Amino acid sequence: MKVIHLISGGDTGGAKTHVLSLLRDLNRSIFAQLVCFREGEFAQEAREMGIPTEVFAGRNILKVRSRLLDYIREGGFDIIHCHGSRANMMGALLRRPSGLPVVTTVHSDYKLDYLGRPLGRLTYGNINALALRRFDYYIGVSDAMVDLLISRNFPPQKFYAIYNGLVFDAKPTLADRTAYLRGLGAQVEPDSVVVGIAARLNPVKDMATLIRGFAQAAGRCEKLRLVIAGDGQEREALGKLAEELGVADKVCFAGWLTDMDSFYQALDINTLTSLSETFPYALTEGARYKLATVSTRVGGVPYLIDHAVNGLLFTPGDAETLGRYLLRLAEDEPLRRALGEKLFEKAASQFSLEKTISTQLEIYEDILRRHSRPKSRRDGTLICGAYGKENAGDDAILRAIIQEMREIAPYMPITVLSRRPMRTKLMYRVDAVHTFAFPRWARRMKRTRLYISGGGSLIQDVTSRRSLWYYLYNMRAAKRRGNQVMMYGCGIGPVLRANHRRLSAKTMNRFVDAITLREPDSLAELRAMGVDKKEVYLSADPALTLPPAPAEKVDSAMLSHRVPLDGQYICFALRPWKGYEKKLPAIRAAAAHAYEAHGLTPVFLAVEKFKDPEAIRLAAEGLAVPHHLIDKPEDPAVIAGLLNRMRVVVSMRLHALIFAAGQGVPLVGIVYDPKVSAFLRYIGEDLFEKLEDLTGENLCGLIDRAVERKRDPEAVERLLERERVNRDVARSLYLRSGT
């Protein structure tokens with residue numbers, strides 16, 4: 001494989017480090033050619049590192065383009081890879097005549113690249129913004145950068161994410177920290193607690209917030225000192241701010257440093273206060289030296305730092321919170337040490353240079369496969385359901401369906417009908433159209449091969465007649481526009497009105513090619529309605545396949561809600577419903593019983609964003625035993641991880657039961673809707689009670705029986721095997737549609 005990398009040649013900072021380290025190591029596996037558009041330090045360093053380097057200088061863009069095109073053709077390159085605004089402009093010009101796939105790595109927010117430079121923003125900034133729209137593929141330096149570009153309507157299915165990696169080898173130990181810091185101009189003593197930052201002094205880095213937060217903490221901790229490594233346009237203003245706040249003698253402006261190893265070894269606390277970032281090297285550099293870290297929650301930072309687990313995060317500009325965190329770390333050396341160790345462990349395993357190189361090679365291979373894929377007039381899948389409403393259960397279903405579509409065809413174009421299309425694009429990296437944008441999704445149906453309706457209970461008329469009409473109409477429209485139509489892992493009913501039952505049966509018999517159902521009750525309801533299709537299969541809810549989030553993400557969610565990690569817990573996942581408030585005494589009695597009889601601390605968990613928080617607060621109100629509330633709903637994978645930490649799950653929410661069942665956690669159901677008992681019976685669970693019949697006594701009895709049960713991995717595998725029917729049927733239809 002031969003890849004040509006284009007860059008202006010005047011780059012500094014993270015982009016320079018990323019490109020040079022990347023190309024140096026890529027050349028051990030492939031041929032990676034560097035082309036700069038000016039001679040200078042960048043090109044010279046590249047040559048010294050053994051990177052094949054050429055300079056194509058000149059002000060005449062068209063002449064440079066012509067020379068470069070000849071060079072690319074003669075060199076037999078496979079991919080053009082661009083970095084930065086000038087390279088992006090050239091890559092856009094080369095894309096069509098070269099016939100090669102062109103990819104750009106976006107190292108920073110292109111709207112902020114020329115902040116404080118109005119002329120540069122007007123010229124280079126606008127040219128770059130236009131050029132970026134013309135690429136085949138994009139690589140964001142962090143998932144957050146990918147999300148930023150998708151939010152600006154870049155095509156979500158053309159993105160990859162990569163992270164700046166480092167070599168985490170041991171470095172020489174700094175001989176005399178105090179002497180080193182004093183040599184920089186810092187007024188330190190051997191017992192000083194030194195806070196540091198390495199960054200350009202420009203508005204995006206928001207050093208003013210750092211100095212304000214530091215001043216607040218230093219007023220209460222005499223040992224604190226701040227060392228700033230870097231220079232820039234705000235140097236004078238920041239110096240004056242330190243004087244105004246009375247900490248000028250505790251703040252050292254060290255200027256540009258070349259020996260960053262010694263700088264990081266001299267610190268106790270690493271900081272970042274940026275308003276915008278991709279994935280800053282400054283944090284992984286600090287992680288290499290096991291530094292406790294405080295950072296703004298921006299860009300890709302939360303992918304490295306799990307709040308309260310391996311670092312502390314705060315909102316940009318919040319100097320007060322920053323000050324509290326700095327004071328807390330200054331006064332607690334064991335905490336600094338613990339956070340630093342955890343950060344090192346994560347960074348070394350997930351953000352090493354070796355990981356970056358392997359990811360980049362995988363991206364190249366994927367681009368070549370995608371680019372050589374035969375083009376077809378019809379391709380892809382359109383997914384319709386109750387999506388974009390910030391419901392964890394529906395989000396989990398959609399995530400599972402998308403994953404299973406990717407297993408069928410990795411590059412399958414996927415479009416989702418969603419009430420919040422942008423949120424759906426960002427969460428799942430697929431295209432999305434508003435649920436009621438009829439002309440748009442009707443046109444899309446003419447290009448897709450497979451239409452999926454599901455999962456969840458879409459065919460019902462209890463909550464709304466209009467939603468039933470909508471889903472039935474869409475299935476009819478999709479079939480008439482040439483799609484294979486599948487109802488995917490659905491629940492059916494209740495459909496109460498006779499005319500609705502006839503309409504539903506007629507639509508499914510005539511316009512649906514295959515139906516998979518999540519439990520037998522739905523099959524019985526279909527047959528009673530008169531659906532006599534042969535291609536109806538029992539499967540299971542797609543959300544069963546949702547894996548829990550990584551342990552550190554779950555730890556962070558627990559610690560953020562002050563739930564100790566070493567406790568024994570019983571979860572109550574509740575929702576408002578008619579008659580719910582009358583049952584609160586029974587729920588409270590059961591929660592108290594679980595604690596007193598079994599040593600299980602109650603955790604009240606909100607699954608749905610808008611309704612559940614108030615419901616769980618009412619349940620916990622006046623409860624005398626220790627308990628916790630997780631009242632800010634998390635990502636579905638984090639919810640699954642939280643449920644996995646529970647000894648028993650008591651739930652009204654169907655998808656809390658599904659998430660827990662997927663991990664074998666003992667269940668107790670509170671049945672507010674027949675779908676809850678239908679699911680529990682289907683998976684062989686018998687511990688449930690109707691909401692209207694619930695008492696403290698019978699709920700305590702169900703909990704006693706659940707506590708006696710152990711997790712059954714074989715039962716989980718049986719459930720997952722049933723769920724795979726959904727994917728297998730979808731694969732059959734998708735392949736059928738291509739013949």
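About the criteria used
Residues numbered from 1 in each chain as written. Predicted model: local features only at pLDDT ≥ 70, side-chain atom pairs only at ≥ 80, totals over all residues. Heavy atoms only, no water. Helix = DSSP H or I, 4+ residues; strand = E, 2+ residues; numbered from the N terminus. Pairing = 2+ DSSP bridges. Axes fitted to C-alpha atoms, helices over the stretch in contact; angles between N-to-C directions. Contact = heavy atoms within 4.5 Å. Core = buried A, V, L, I, M, F, W, Y, C linked by side-chain atoms within 4.5 Å. Buried < 20%, exposed > 50% of the residue type's maximum accessible area, 1.4 Å probe, protein only. Phe/Tyr/Trp six-rings, centres within 6.5 Å; stacked < 30°, edge-to-face > 60°. Lys NZ or Arg CZ within 6 Å of the ring centre and 35° of its normal. Patch = residues over 30% accessible without salt bridge, like charges linked within 9 Å, V, L, I, M, F, W, Y side chains within 5 Å. Areas by Shrake-Rupley, 256 points an atom, 1.4 Å probe, with all protein chains shown as cover. Salt bridge = Lys/Arg side-chain N within 4 Å of Asp/Glu carboxyl O.

1. Points about the environment of G185
And step 1. If you trace the backbone, G185 turns up in the loop between α7 (177-184) and β8 (193-198).
And step 2. Sequence-wise, G185 and V227 are 42 residues apart; in three dimensions their C-alpha atoms are separated by 9.0 Å.

2. What to know about the sheet that holds strand β16 (residues 431-434)
And step 1. The strand order across the open sheet formed by seven strands is β16-β15-β14-β17-β18-β19-β20, and the pairing between neighbours is parallel. Every other strand in the sheet has two partners, leaving β16 and β20 (536-538) as the edge strands with one partner each. When the angles between neighbouring strand axes are averaged without regard to direction, this sheet yields 20°.
And step 2. In this structure, strand β14 (residues 381-384) lies alongside strand β15 (residues 414-418), joined through four bridges in parallel fashion. By the bridge assignment for β15, I383 is matched with V416.
And step 3. Together, β14, β17 (450-459), β18 (484-492), β19 (514-517) and β20 form the strand contacts of helix α29 (residues 713-737), whose direction differs from that of β18 by roughly 165°.

3. Quick look at the nonpolar core
Most often, soluble globular proteins keep nonpolar side chains buried together rather than apart.
And step 1. Ranked by internal contacts, the top residues of the largest apolar core, which has 101 residues, are M405 and L574.
And step 2. By residue number, the principal contributor to this core is helix α16 (residues 392-408), which donates eight residues.
And step 3. Contact partners of M405, with chain neighbours within four places excluded, come to T381, M412, I414, L450, I452, Y488 and A730.
And step 4. Among the nonpolar cores identified, the runner-up in size contains 36 residues, and A217, V251, A330 and L335 belong to it.

4. Section: the packing of aromatic side chains
And step 1. Going through the model one piece at a time under the given rule, you end up with 24 aromatic pairs.
And step 2. Relative to Y470, the ring of W441 lies with its centre 6.4 Å away and its plane at 85°, an arrangement referred to as edge-to-face. Note that W441 is positioned in helix α18 (residues 438-445) and Y470 in helix α19 (residues 465-480), a separation of 29 residues in sequence.
And step 3. Among the aromatic residues, ring-to-ring pairing joins F436, F438, W441, Y470, Y471 and Y473 into one connected group.
And step 4. Taking NZ or CZ as reference, R235 lies 3.9 Å from the ring centre of F253, over its face.

5. Quick word on a nonpolar patch on the surface
And step 1. Together, F436, F438 and Y473 make up an exposed nonpolar region whose accessible area comes to about 310 Å².
And step 2. The class for F438 is partly exposed, based on a relative accessible area of 37%.

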